[in-house]
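Structural features, examined
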Amino acid sequence: MRPTATRLDGMPGPKSFCPWWGDTSIHKQRGVVVYTVSPFRQRGSKAIIRGWLFNGYRRLAAQVPYWIVPFAIGYGTYTWGNSRYAWQNSKAGHIALGDHHH
């Protein structure tokens, strides 16, 4: 079985710098340079885990001072609000606040 040939639809591509559809004045362009990297040289996932373990940990550790303080303030406010809410809805809270329901 033979693979089919690529169909050319007139769209400009990386190797043909032609004008857009319908323009028949195809002039040869000069000075256009296209650079590519060989697929044998592209290794996008080479040592991705090892690189993250060292460099990623270092980068995350450098950001800890910037997010730990707001997180601690937010968590402290959340726990204080929950305990205050529970106390206000308890029997002792009702007595202390003067809400006597008969």
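Thresholds applied
Residue positions are given per chain, counted from 1 along the sequence in the order it is written. Totals for whole chains, interfaces and linings use every residue, but because this is a predicted model, local features are given only for residues with pLDDT of at least 70 and side-chain atom pairs only at 80 or more, for both listing and counting. As a rule here, side-chain values cover all heavy atoms of the structure and leave hydrogens and water aside. Helix and strand assignments follow DSSP, with helices taken as H or I runs no shorter than four residues and strands as E runs no shorter than two, numbered in order from the N terminus. Accessible area is worked out with a 1.4 Å probe on protein chains only. A residue is then buried under 20% of its type maximum, exposed over 50%, and partly exposed in between. We get accessible surface area from the Shrake-Rupley algorithm with a probe of 1.4 Å; when it comes to residues, only the shown protein chains can shield them. Two aromatic rings, drawn from Phe, Tyr or Trp (for Trp, its six-membered ring), form a pair once their centres lie within 6.5 Å of each other, and the interplanar angle then sorts them: stacked below 30 degrees, edge-to-face above 60, tilted otherwise. The span you would expect from a helix comes to 1.5 Å times its residue count less one. Bend at a residue means the angle formed by two fitted axes: the first through the 7 residues ending at that position, the second through the 7 residues beginning there. To count toward a patch, a residue needs a relative accessible area over 30% and no salt bridge; like charges are then connected within 9 Å, while nonpolar side chains (Val, Leu, Ile, Met, Phe, Trp, Tyr) are connected within 5 Å. Salt bridge, as used here, is a side-chain nitrogen of Lys or Arg placed within 4 Å of a carboxyl oxygen of Asp or Glu.

This part is about the overall build of the chain. Helix and strand counts for the chain stand at two helices and zero strands. Classification of the 102 residues of the chain by burial places 2% in the buried group. Of the accessible surface of the chain, which amounts to about 10,400 Å², a share of 62% is contributed by carbon and sulfur atoms.

Aromatic ring pairs are reported here in terms of the distance separating the ring centres and the angle at which the planes meet. Tallied over the entire structure, the rule returns one aromatic pair. Consider the rings of Phe71 and Tyr75, whose centres lie 6.4 Å apart with planes at 10°: the pair is stacked. In this pair, Phe71 and Tyr75 both sit in helix α1 (residues 48–88), four residues apart, roughly one turn of the helix. As far as burial versus exposure is concerned, Phe71 and Tyr75 are alike and both exposed.

The subject of this paragraph is α1. Look at α1: only 53 Å from first C-alpha to last across 41 residues, short of the 60 Å you get at 1.5 Å a residue. Bending of α1 peaks at approximately 45° at the position of Val64, with proline Pro65 no more than four residues after it.

What follows covers a nonpolar patch on the surface. A surface patch of nonpolar side chains, amounting to about 840 Å² of accessible area, comprises Val64, Trp67, Ile68, Val69, Phe71, Ile73, Tyr75 and Tyr78. You can see Trp67 is positioned in helix α1.

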